[in-house]
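Architecture at a glance
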Amino acid sequence: MAFEFLTHNSIIYVLIAWVIVFVVAKVSKLDKHGFEIKPYSLTYKNQNVQLILSRILSRTQRATRIFSNTSVVLGFIMMGAAFWYLASNLSNFFVKPESFSEMTVLIPGVTIQSSSNIAYFLLSVPIVLVIHEGAHGIVATLEKIKIKTGGFAVFIALFAGFVEPDEEEFVKAKKISRLRVIGAGATSNVLFSFIIAGLLIFNPSFALIMPDPIKGVFYNAPLGVPIVSVTEGSGAEKAGLQKDDIINAIDGNSVVLPQDFAKIKLKAGDTAMVSIIRDGKPMQIPVVTTPSKDDPQKGMLGILRAALPSYQPVVPYYIHWSPEVFMFLLWLWMLSFFIGIFNMLPLPILDGGKFVHTIIEKKVSEKVLKGAMLSLYAVTFALFGLNIALSAIKSGFITI
């Protein structure tokens with residue numbers, strides 16, 4: 001019931017916030033400044049986007065040309081990567097369940113319920129959208145395709161950005177030109193995510209979200225499990241264990257991952273030899289265990305351990321971001337990378353659908369083209385939908 005209450009409350013808060021935005025937009029008469037206001041959406045269109053993009057292009061034409069050509073190649077690669085991830089993850093659910101990665105759709109107030117995460121999401125999305133749509137627009141300008149309007153839209157708790165090319169000019173443009181324009185958005189997001197990753201790389205916290213094959217390149221094996229806090233009056237406090245000490249063994253039993261603690265059986269009143277690393281120096285500290293509240297026979301050290309191991313970067317020099325800045329950059333990286341990759345999936349509302357349609361059109365009849373696209377949409381939607389559904393089956397309604 002508490003979970004349902006939290007979810008329902010979050011939705012109510014989002015709806016209240018939307019009502020406030022809608023009322024303020026109406027009272028401020030934003031419709032006279034390029035905004036289109038509806039009960040379920042707020043859309044802004046600017047007809048001077050082409051002028052802005054032309055100015056940017058005049059200073060970056062050579063780089064934009066290289067980028068536009070690269071975006072076609074990367075478009076194929078990103079589409080393949082998205083398909084491979086969804087298919088392999090789906091296979092893992094049945095063949096290798098421990099490797100299955102839960103997925104969810106990010107919706108403020110529904111799947112994003114933490115106020116801090118909602119704030120990071122709301123700060124990151126506009127940046128990601130501006131980069132994505134700006135790339136579409138700049139490449140379209142390079143390819144001599146007129147941009148009629150550009151802007152953004154808010155649908156209660158969902159966000160969208162757009163650059164609207166002249167449809168007639170876009171259709172008449174060369175196929176390679178259209179592919180460049182379509183692929184530019186996702187490519188810009190992924191390249192931007194690499195820049196963000198460069199700011200976060202070698203930070204031990206960033207290691208926690210990196211895939212194992214890549215993680216091994218940038219980080220050494222974890223040293224152990226950090227102590228988050230020490231219980232007042234416990235054997236750990238009396239023995240001198242401290243917050244941020246890294247436990248790597250107890251009574252000679254190696255501790256590398258948090259789950260290693262479950263293998264160690266301690267009795268109340270025994271003295272456990274705890275091996276730690278403090279400020280880079282190994283130490284051994286004897287700790288007299290105290291009875292567990294749940295089982296008086298079971299011994300407890302009196303610490304709260306971290307839920308994740310302590311990874312050490314290969315290069316021990318990295319930017320020490322404040323926790324708030326780190327989390328914002330992490331959200332910016334995550335949204336940029338995954339929006340870029342998954343936007344190339346062949347679905348009607350995504351760039352991937354337009355990409356595939358542009359490639360095969362005029363090579364087959366309209367009837368065959370329509371059938372092929374519908375079949376591809378169905379397969380893609382099934383892959384994506386099954387990943388979301390199986391994630392819910394495995395872990396319940398996923399929220400962050």
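We now turn to the structure provided with this report.

A few words on the overall build of the chain. Of regular secondary structure, the chain possesses eleven helices and 14 strands. Overall, the C-alpha framework of the chain stretches about 80 × 50 × 45 Å when taken along its three principal axes. For the chain, the proportion of its 400 residues judged to be buried stands at 42%. The contacts in the chain between residues at least 6 apart in sequence include a share of 68% that link residues at least 24 apart. Surface summary for the chain: the accessible area is close to 22300 Å², and the carbon and sulfur share equals 66%. The positive charge centre, built from 35 side chains, and the negative charge centre, built from 27, are 10 Å apart in the chain.

Now for the pairing of strand S10 (residues 281-288). As judged from the eight bridges shared by strand S9 (residues 271-278) and S10, these two strands associate in the antiparallel manner. When the sheet's bridge partners are listed, serine 275 is paired in S10 with glutamine 284. Here S9 folds back onto S10 in antiparallel fashion, the turn holding two residues, of which aspartate 279 has a positive phi close to 55°.

Here the phi dihedral of aspartate 251 falls at roughly 55°; this positive angle occurs in a residue that is not glycine. Along the chain, aspartate 251 falls in the loop between strand S7 (246-250) and strand S8 (253-254). Its identity as a non-glycine residue notwithstanding, lysine 362 has a phi of 70°, on the positive side. Summarising the element assignment, lysine 362 is placed in the loop between helix H10 (351-360) and helix H11 (366-395).

Inspection of the secondary structure assignment puts serine 177 in helix H5 (residues 175-200). Given a relative accessible area of 6%, serine 177 falls into the buried group. A polar contact is formed between the side chain of serine 177 and the side chain of glutamate 143, at a distance of 2.7 Å.

Two numbers describe how helix H2 (residues 49-95) lies on H11: the axes approach to 10 Å, and their chain directions differ by 45°. Put simply, H2 runs oblique to H11. Crossing of H2 over H11 shows left-handed handedness. Residues Phe83, Leu86, Ala87, Asn89, Leu90, Phe93 and Phe94 of H2 pack against Leu376, Thr380, Leu383, Phe384, Leu386, Asn387, Leu390 and Lys394 of H11. Per-class residue counts for the contact of H2 with H11 are eleven nonpolar, three polar and one charged.

This paragraph deals with the packing of H2 against helix H3 (residues 115-142). Packed helices, taken two at a time, are described by the angle their axes make and the gap between the axes. At a minimum axis separation of 8 Å, H2 and H3 run at an interaxial angle of 85°. One finds that H2 runs roughly perpendicular with respect to H3. Here Gln50, Leu53, Ser54, Ile56, Leu57, Gln61, Thr64, Arg65, Phe67 and Ser68 of H2 lie close against H3, whose contacting residues are Gly134, Ala135, Gly137, Ile138, Val139, Thr141 and Leu142.

To continue, consider the packing of aromatic side chains. Scanning the entire structure with this criterion turns up twelve aromatic pairs. With centroids separated by 6.1 Å and ring planes inclined at 75°, the aromatic side chains of tyrosine 85 and phenylalanine 342 adopt a geometry described as edge-to-face. Note that tyrosine 85 is positioned in helix H2 and phenylalanine 342 in helix H9 (residues 323-342), a separation of 257 residues in sequence. In this structure phenylalanine 342 comes out as buried when scored by relative accessible area, which is 15%. Geometrically, the ring pair formed by phenylalanine 342 and phenylalanine 384 is edge-to-face, given 6.4 Å between the ring centres and 70° between the ring planes. Of this pair, phenylalanine 342 sits in helix H9 while phenylalanine 384 sits in helix H11, and the two are 42 residues apart along the sequence. The structure contains a cluster of three or more aromatic residues connected by ring pairs, namely Tyr85, Phe206, Trp333, Phe337, Phe338, Phe342 and Phe384.

Attention now goes to H10. Burial analysis of H10 places seven of its ten residues in the buried class, the great majority of the element. Along H10, the positions that sit buried rather than exposed are Asp351, Gly352, Gly353, Phe355, Val356, Thr358 and Ile359. Looking at the buried residues of H10, the elements they touch are H2, H3, H5 and H11. A positive phi of about 70° marks lysine 362, the residue just after H10.

Definitions and cut-offs
- Residues numbered from 1 in each chain as written.
- Predicted model: local features only at pLDDT ≥ 70, side-chain atom pairs only at ≥ 80, totals over all residues.
- Heavy atoms only, no water.
- Helix = DSSP H or I, 4+ residues; strand = E, 2+ residues; numbered from the N terminus.
- Buried < 20%, exposed > 50% of the residue type's maximum accessible area, 1.4 Å probe, protein only.
- Contact = heavy atoms within 4.5 Å.
- Areas by Shrake-Rupley, 256 points an atom, 1.4 Å probe, with all protein chains shown as cover.
- Lys, Arg positive; Asp, Glu negative; His and termini not counted.
- Charge placed at Lys NZ, Arg CZ, Asp CG, Glu CD.
- Pairing = 2+ DSSP bridges.
- Polar contact = N/O pair within 3.5 Å; in protein donor to acceptor, adjacent residues only side chain to side chain.
- Axes fitted to C-alpha atoms, helices over the stretch in contact; angles between N-to-C directions.
- Parallel < 35°, antiparallel > 145°, perpendicular 65-115°, else oblique.
- Left-handed = near helix turned anticlockwise from the far one by under 90°.
- Nonpolar A, V, L, I, M, F, W, Y, C, P; charged D, E, K, R; others polar.
- Phe/Tyr/Trp six-rings, centres within 6.5 Å; stacked < 30°, edge-to-face > 60°.

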